[in-house]
Amino acid sequence: METEGIYDVQAIRAQFPILSRKVKGKDLVYLDNAATAQKPLSVIDALVHYYSHYNANIHRGLHTLADEATAAYEASRVAVKEFVGASSPDEIIFTKGTTDSINLVAYSWGKSFLQEGDEIIISSLEHHANIVPWQMIAAEKKAILRVIPISDDGILDMEAFKSMLGPKTKFVSVVHVSNALGIINPVEEIIRLAHQHNAVVLIDGAQSSVHLDIDVQTLGCDFYAFSGHKIYGPTGVGVLYGRRDLLESMPPYQGGGEMIKEVRFEYTTYNELPFKFEAGTPNIADVIALKAGIDFIKSIGKHAIRKHEEQLLEYATAKLKDIAGLRIIGDVKNKVSVISFVIDGVHPQDLAILLDNQGIAVRTGHHCTQPLMHRLGIVGTTRASFAAYNTLDEVELLIQALNKSLKMLL
Amino acid sequence: MNNHRTIKNIEQELIDDFSLFETWEEKYEYLIDLGKKLAPLDPAFKTEEYKIKGCQSSVWIHSFAKDGFVYFEGDSDAIIVRGLVGLMITVMNGQPAKEIVEAPLEFINTIGLSSHLAQTRSNGLRAMIKQMKMDAGAWQVNAENKTVE
Ligand SMILES: Cc1ncc(COP(=O)(O)O)c(C=O)c1O
């Protein structure tokens, strides 16, 4: 069984060594891509190549290895700049991941610009990474955190959002694609409305960066955060895109080497963008290998990957709906690559255990979105999420394994 | 007391039972069955006070002591975990407090549950065992000269 006329998925799979391993004696069926994507050989090779050929500290050395490492590191920045459509590589800050990027903004921007009584708006769909940093800075600054409500289907209530906006709104931070449900939020409109009130907007792109075409200038967002490991790149590296004037107006997040221009015991002047926000020796190897992840996506094209994943999603949705007592959470049109469901009388943890014994990796639980689960009145869901290398046969295996598990449980 | 089965005896019986299972399905069907048969816990004990932290699912354990022996009841909203609760109750119920506190419970590693069931962190088995031992320890201190409920 093949998706129709998109690309040769077996050729793609061949690039991912992990996909040929067995789990509990069965072929691995990896459907936990929203948590982290597997890595193509090109990414693994980039790491090995860096450590075996030109490992050196960057920006400071005058020797050949340092030159080569610096060039590769900065080439990654340019690749990321193009990947998200930023106007300059200076607007690309390397971080540890989405969580780190959001914390950087909440701390640095919040510290300078938030005042008592100011309002920060997030949505009901947020990952804990886009809730807790705002709670922390709000508590410190006596600012108020407000939450855009959703419908039972998980659709943002835009009317409620409009009514929340006002002169006190200083910051809006929303997720582009919900990791728990796969729903795409109308971020263009959110950004436009927020800007009418002069609020600054951060988009959590942890899930959207791999599936959607991202152009931060067209979107008009002020910040965009994502993680390398979800776009086929390594763990431990993430990105914060920030509009230059905003980044320039913000104080450094951490102090140390790299981020300085001049240090005396009496004073320090800070380096310019983007180095001002990259204190200490950065995660050189993973930053360099991130480019290989981006190149992998470019080699197929986001459009083709999306078409492929849409067919998997459609097929899975139709098949899952045939299962008695199964309810898809967030069963809406505008979504990507994620299918989250609950089954009457079945705890997600039981399902995960039985599916794992059949070689199927899915995610169960609250997906780091406890307030969302609470709002929906469920303890958690079972979530299958697809990537470029998944096949219709794997969806079929998921359905068979699910039916078998249910027979054992019910 | 003559035909009292020790924790070790019961562990051995379980090891023997599990050794008869040839497939993972049989093991899990056994646990699921155990979970379904476990007497439901009185809702009065399904509260935060009796809930065990550190589990993906909710687990509650309630204990009482009589004549120096400790008795357990428990529940979970996940059926396989409920089976694990049943398994631990089978092993520890009605045993002297001291024995419970000191039991190494090695059978868990021997019965060959798939790694993430044995890997106690993910399903709270470790938290469950810790709680049962703490309960027993408390009864041991408490029950020196009286029967406590
Ligand atoms: C929507 C969303 N935001 C934030 C994060 C946090 O990403 P990381 O753990 O890579 O920092 C995730 C990861 O699961 C996510 O899906």
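Residues numbered from 1 in each chain as written. Chains lettered and ligands numbered in written order. Predicted model: local features only at pLDDT ≥ 70, side-chain atom pairs only at ≥ 80, totals over all residues. Heavy atoms only, no water.

**A short note on the overall build of chain A**
For step 1, the next point in the chain: Regarding its fold elements, chain A presents 15 helices and 17 strands.
For step 2, the next point in the chain: Against the compact-globule benchmark of 22 Å for 410 residues, chain A has a radius of gyration of 22 Å, which places it among compact chains.
For step 3, the next point in the chain: Judged by the C-alpha coordinates and their principal axes, chain A covers about 70 × 55 × 35 Å.
For step 4, the next point in the chain: Each of the 410 residues in chain A was classed as buried or not, and the buried ones make up 60%.
For step 5, the next point in the chain: Look at the contacts in chain A between residues 6 or more apart in sequence, and 72% of them connect residues 24 or more apart.
For step 6, the next point in the chain: Of the roughly 16,400 Å² of accessible surface on chain A, 53% is carried by carbon and sulfur atoms.
For step 7, the next point in the chain: Charge separation in chain A, taken as the distance between the mean sites of 39 positive and 48 negative side-chain charges, equals 3 Å. (Helix = DSSP H or I, 4+ residues; strand = E, 2+ residues; numbered from the N terminus. Rg over C-alpha atoms; globule rule 2.2 N^0.38 Å. Buried < 20%, exposed > 50% of the residue type's maximum accessible area, 1.4 Å probe, protein only. Contact = heavy atoms within 4.5 Å. Areas by Shrake-Rupley, 256 points an atom, 1.4 Å probe, with all protein chains shown as cover. Lys, Arg positive; Asp, Glu negative; His and termini not counted. Charge placed at Lys NZ, Arg CZ, Asp CG, Glu CD.)

**A short note on the domain arrangement of chain A**
All names here are of chain A.
For step 1, the next point in the chain: Domain boundaries in chain A define domain 1 (9-39 + 301-409) and domain 2 (44-298).
For step 2, the next point in the chain: Between domain 1 and domain 2, the C-alpha centre-to-centre distance is 28 Å.
For step 3, the next point in the chain: The contact between domain 1 and domain 2 buries some 3,000 Å² in all, and 57% of this surface belongs to carbon and sulfur atoms.
For step 4, the next point in the chain: Counting every contact that joins domain 1 to domain 2 gives two salt bridges. (Domains from an automatic or database assignment. Buried area = accessible area lost by both parts, 1.4 Å probe. Salt bridge = Lys/Arg side-chain N within 4 Å of Asp/Glu carboxyl O.)

**Some points on the sheet that holds strand β1 (residues 59-66) of chain B**
Sheet strands pair via backbone hydrogen bonds, and the direction of the pair is either parallel or antiparallel.
All names here are of chain B.
For step 1, the next point in the chain: Pairing is antiparallel across the open sheet formed by three strands, whose spatial order is β1-β2-β3. The two strands at the open ends of the sheet, each matched to only one other strand, are β1 and β3 (95-96).
For step 2, the next point in the chain: Relative to strand β2 (residues 69-76), β1 is paired through eight bridges, and the arrangement is antiparallel. For Phe-64, the partnering residue across the bridge sits in β2 and is Tyr-71.
For step 3, the next point in the chain: Of the strands in this sheet, β1, β2 and β3 touch helix α3 (residues 79-92), which is tilted by about 175° from β2.
For step 4, the next point in the chain: Strands β1 and β2 of the sheet are contacted by helix α8 (residues 125-142), whose axis makes an angle of about 25° with β1. (Pairing = 2+ DSSP bridges. Axes fitted to C-alpha atoms, helices over the stretch in contact; angles between N-to-C directions.)

**Some details on the pairing of strand β10 (residues 238-242) of chain A**
All names here are of chain A.
For step 1, the next point in the chain: Most of β10 is tucked away, with five of its five residues classed as buried.
For step 2, the next point in the chain: When strand β4 (residues 92-95) meets β10, the two strands line up antiparallel, connected through four bridges. Its bridge partner being in β10, Ile-92 is matched across the sheet by Tyr-241.
For step 3, the next point in the chain: Of the strand pairs in this sheet, strand β9 (residues 223-227) and β10 are connected by five bridges, and their pairing is antiparallel. Looking at β10, one finds that Phe-226 is bridged to Val-239.

**Side note on helix α4 (residues 98-113) of chain A**
For step 1, the next point in the chain: Along its 16 residues, α4(A) runs 21 Å from first to last C-alpha, staying within 8% of the 22 Å computed at 1.5 Å per residue.
For step 2, the next point in the chain: When we look at burial in α4(A), the residues that qualify are A:Thr98, A:Asp100, A:Ser101, A:Ile102, A:Leu104, A:Val105, A:Ala106, A:Ser108, A:Trp109 and A:Gly110. (Expected span 1.5 Å × (residues − 1).)

**As for the side chain of A:Ser208**
Residue and element names in this part refer to chain A.
For step 1, the next point in the chain: With respect to the helices and strands, Ser-208 occurs in helix α8 (residues 208-211).
For step 2, the next point in the chain: A polar contact of 2.7 Å, which involves the side chain of Ser-208, links it to the side chain of Tyr-224.
For step 3, the next point in the chain: Filtering out sequence-adjacent residues up to four positions away, Ser-208 remains in contact with His-176, Val-177, Ile-214 and Tyr-224. (Polar contact = N/O pair within 3.5 Å; in protein donor to acceptor, adjacent residues only side chain to side chain.)

**Topic: the site of the ligand**
All names here are of chain A.
For step 1, the next point in the chain: Around the ligand, a shell composed of 13 residues is seen, among which Thr-99, Asp-204, Ser-227, His-229 and Lys-230 lie nearest.
For step 2, the next point in the chain: In this structure, His-229 approaches the ligand through a side-chain N or O atom, which is 2.7 Å from an oxygen atom.
For step 3, the next point in the chain: Relative to its unbound accessible surface of 390 Å², the ligand loses 84% to contact with the protein.
For step 4, the next point in the chain: Its residues assigned to classes, the shell around the ligand comprises three nonpolar, eight polar and two charged. (Near = heavy atom within 4 Å. Nonpolar A, V, L, I, M, F, W, Y, C, P; charged D, E, K, R; others polar.)

**Some remarks on the environment of A:Leu320**
For step 1, the next point in the chain: Its place among the elements puts A:Leu320 in helix α12 (residues 302-321).
For step 2, the next point in the chain: As for A:Leu320 and A:Glu258, which are separated by 62 residues in sequence, their C-alpha atoms are 52 Å apart.

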